Every structure is written in structure tokens, then in C-alpha cells.
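A structural walkthrough
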Amino acid sequence: ILNVEQSPQSLHVQEGDSTNFTCSFPSSNFYALHWYRWETAKSPEALFVMTLNGDEKKKGRISATLNTKEGYSYLYIKGSQPEDSATYLCALITQGGSEKLVFGKGTKLTVNP
Amino acid sequence: EPEVTQTPSHQVTQMGQEVILRCVPISNHLYFYWYRQILGQKVEFLVSFYNNEISEKSEIFDDQFSVERPDGSNFTLKIRSTKLEDSAMYFCASSEAPGLTDTQYFGPGTRLTVL
């Protein structure tokens, strides 16, 4: 069974803090990793699609890195703001041509003002 | 900015009833998907659809489920005879190109409650 794990499950930080969380996945048949940001009652918002080992992508204060050899990706948020409060989901695409996203359970981030 | 829309936002139904969940994908997208999230669990894939055919389906997507693109804009998920365990948030997604490395854009979901 393909398992994508995210840690921590939840995180509380103060406004202005920088934070990071992890997505772990089996490295053996990796093809791509998708990151999403999901606020309650809204559509999950696509952040990044990462494919290459060593990839680093950035969108404003949010960045992500990818290590396909050891099977993990980190998401970083610099100077967290209350509007960053959301659940951050990662999802794996495996080799073989399937478009099926295999999701982790998410990290729920709360940024306190 | 174009977005995926879904209706209704919340559907309550009795066990054994048929439900149809509706989605309007982004207009120039060709690849369509349904996912669901049972409360407290991971988001899980149900089905992918391209060129008026199912391209892949999960073990969850049994004979009780069907998908259709009845016209040029809508994409529907039908559950023929709902069970209690079908209660979940159902998400529609679409992508312009195959969603392996192309972004799958998600709608806001339909919360289905089966009583």
C-alpha cells in the first residue's frame, strides 16, 4: 500500500514565525509531488508541482524542496501571517502513467496574531 | 481567474437514494477527476476521465458509481444507491494536460450526508 505521511499533524505558531513541515513518501517509484493549501470551505489551492531531485520552488513567502532519493519534501513558510492558516496537503504521483494523486493527511497550520 | 465549481455545496439524502453531484471544470481543460474525503481520513482518488471515457478508477468506484460529461461544460458523479459509508466531501478536479505533472485544479467540494 502506497503511504504518504505528513508531519506534524497540526502546528500552532505566532505571527511572524517561520515554520516548516514534512511530506514523506516511498522513493522507489516517485514521479511527481503536488503541494496544496486548503482553507476550510474553499477549494484546495495548488501551490507547487515538483519533479526533480533537488528541486526548490517558491511562491511569495512559501517555498518547497524535494529529495526524491530519500523520499521527502519540506514546505517552508517565512514570516507566517494569520492568512497562512490552512491545511497543507502533499500528494504523490507514481511512475506508470497514473494521474491518481495519493494524498497525505495534511498539516493543519494555525497562525496566531 | 477561472475556477472549478461544484453544486450543491451540501447534499443530504436517505440511504438507498440516488444522488448526482455536479461539477463545472475549467473551460479549456480536458482531464477530469473525482476525489473524496471521508471525515478524518485522507483525500482519496475515485476516478479520472478523458475523451468521454474513464481512464482510471479506484477500487472504491464500483458499479454504484458512474460519471458523465453530458454536455460541453458539466461533469457529474452519480451514486445509484447511497450507503451510509458514502458520506464524505466529494471533490471534482480538472487539468489542461494529463495531471501527472500538470496541476489538477480542485473545486470547493460537495458535502454528502447519507442518513
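Anything mentioned here points back to the structure above.
Within each chain, residues carry numbers counting from 1 in the order of the written sequence. A letter from A marks each chain and a number from 1 marks each ligand, given out in the order of writing. Thresholds applied to this predicted model are a pLDDT of at least 70 for local features of residues and 80 or more for the giving and counting of side-chain atom pairs; totals over whole chains, interfaces and linings are not thresholded and use all residues. With hydrogens and water stripped out, all remaining heavy atoms of the structure feed into the side-chain values.

**Some thoughts on the overall build of chain A**
The number of helices and strands found in chain A is zero helices and eleven strands. Helix and strand labels come from DSSP, where a helix needs a run of H or I of at least four residues and a strand needs a run of E of at least two; each type is numbered from the N terminus. When the helices and strands of chain A are read in sequence order from the N terminus, they spell out β-β-β-β-β-β-β-β-β-β-β. Relative to the globule expectation of 13 Å for 113 residues, the C-alpha radius of gyration of chain A, 14 Å, shows essentially globular dimensions. Expressed along its principal axes, the backbone C-alpha trace of chain A runs to roughly 45 × 30 × 20 Å. Taken over C-alpha atoms, the radius of gyration is set against a globule rule of 2.2 Å times the number of residues to the power 0.38.

**Things to note about the interface of chain A and chain B**
Contacts between residues were defined by any pair of non-hydrogen atoms, one from each residue, lying within 4.5 Å. Taken residue by residue, the interface counts 23 residues in chain A and 22 residues in chain B. Buried area counts how much accessible surface, traced with a 1.4 Å probe, disappears from two parts once they are put together, with both parts' losses summed. In this assembly, chain A packs against chain B so that about 1,900 Å² is buried in total across both faces, 61% of it on carbon and sulfur atoms. Salt bridges are identified by distance alone: a Lys or Arg side-chain nitrogen within 4 Å of an Asp or Glu carboxyl oxygen. Applying the counting criterion to the chain A and chain B interface returns zero salt bridges. Contacts described as polar in this section are N or O atom pairs within 3.5 Å, which, within protein, must combine one atom able to donate a hydrogen with one able to accept it, while residues neighboring in sequence count only if both atoms come from side chains. Viewed at the interface, chain B and chain A are joined by eleven residue pairs in polar contact (both at pLDDT 80 or more). Secondary structure elements with two or more residues in the side of chain A that touches chain B: β4 (30-38) and β5 (45-50) of chain A. The residue classification treats Ala, Val, Leu, Ile, Met, Phe, Trp, Tyr, Cys and Pro as nonpolar and Asp, Glu, Lys and Arg as charged. All others, Gly included, are polar. Grouping the amino acids of the side of chain A that touches chain B by side-chain chemistry returns eleven nonpolar, seven polar and five charged.

**A few points about empty space enclosed by the protein**
Using protein atoms alone on a 1 Å grid, points that fit a 1.4 Å probe yet trap it form a cavity, whereas open point sets bounded by protein on both sides within 12 Å along at least five of seven lines form a pocket; residues with an atom within 4 Å of a point count as lining. Grid points are joined across faces, edges and corners, and a volume is the space filled by probe spheres set on the points. If you walk through the whole model with that rule in mind, you get one cavity of 30 Å³ or more. Lining the largest cavity are A:Tyr36, A:Pro44, A:Leu89, A:Phe103, B:Val43, B:Phe91 and B:Phe106. By residue class, the composition of the lining of the largest cavity is seven nonpolar, no polar and no charged.

**Observations regarding the pattern of salt bridges**
Here the structure, examined in full by the defined rule, presents seven salt bridges over all chains. The salt bridge partner of A:Glu39 is A:Arg37, with a shortest N-O separation of 3.0 Å. A 1.4 Å probe rolled over the protein chains alone gives each residue an accessible area, and that area as a share of the maximum for its type sets the label: buried under 20%, exposed over 50%, partly exposed in between. The class for A:Glu39 is partly exposed, based on a relative accessible area of 25%. Between B:Glu44 and B:Arg36 there is a salt bridge, and its shortest N-O distance comes to 3.1 Å. Assessed through its relative accessible area of 8%, B:Arg36 is described here as buried.

**Here's the deal with the state of the cysteines**
Disulfides are defined as pairs of cysteine sulfur atoms found within 2.5 Å of each other. Taken as a whole, this structure holds two disulfides over all chains when the rule is applied. One disulfide bridge connects A:Cys23 with A:Cys90, the sulfur atoms lying 2.0 Å from each other. Looking down the S-S bond of the A:Cys23 and A:Cys90 bridge, the torsion is 80°, so its handedness is right-handed. Residue A:Cys23 is found in strand β3 (residues 19-24), and its partner A:Cys90 is found in strand β9 (residues 86-94); the two are separated by 67 residues along the sequence. With a relative accessible area of 0%, A:Cys23 lands in the buried category. On the accessibility criterion, A:Cys90 (0% relative accessible area) is buried. Disulfide pairing places B:Cys23 opposite B:Cys92 at an S-S distance of 1.9 Å. Negative torsions about the S-S bond denote left-handed disulfides, and the value of about -60° found for B:Cys23 with B:Cys92 makes this one left-handed. Highlighted residues: B:Cys23 in strand β3 (residues 19-24) and B:Cys92 in strand β9 (residues 88-95), separated in sequence by 69 residues. Like B:Cys23, the residue B:Cys92 is buried in the burial classification.

**Regarding the pairing of β9(B)**
Residues and elements named next belong to chain B. Across the eight residues of β9, eight count as buried, placing the element largely inside the fold. Along β9, one buried face is formed by Ala88, Tyr90, Cys92 and Ser94 and the opposite face, lined by Met89, Phe91, Ala93 and Ser95, is buried too. In this scheme, strands are said to pair when DSSP sees at least two bridges between them. The pairing of β9 with strand β11 (residues 110-114) spans three bridges and is classified as antiparallel. Bridging from a neighbouring strand, Tyr90 pairs with Thr110 of β11.

**Observations concerning the environment of A:Lys57**
Residues and elements named next belong to chain A. Of note, Lys57 is situated in strand β6 (residues 56-59). Along the backbone, Lys57 and Leu47 are ten residues apart, and their C-alpha atoms lie at a distance of 9.3 Å. In contact with Lys57, not counting residues within four places along its chain, are Phe48, Val49, Met50, Ile62, Ser63 and Ala64. Engagement of the side chain of Lys57 in a polar contact is seen with the backbone oxygen of Val49, the distance being 2.8 Å.

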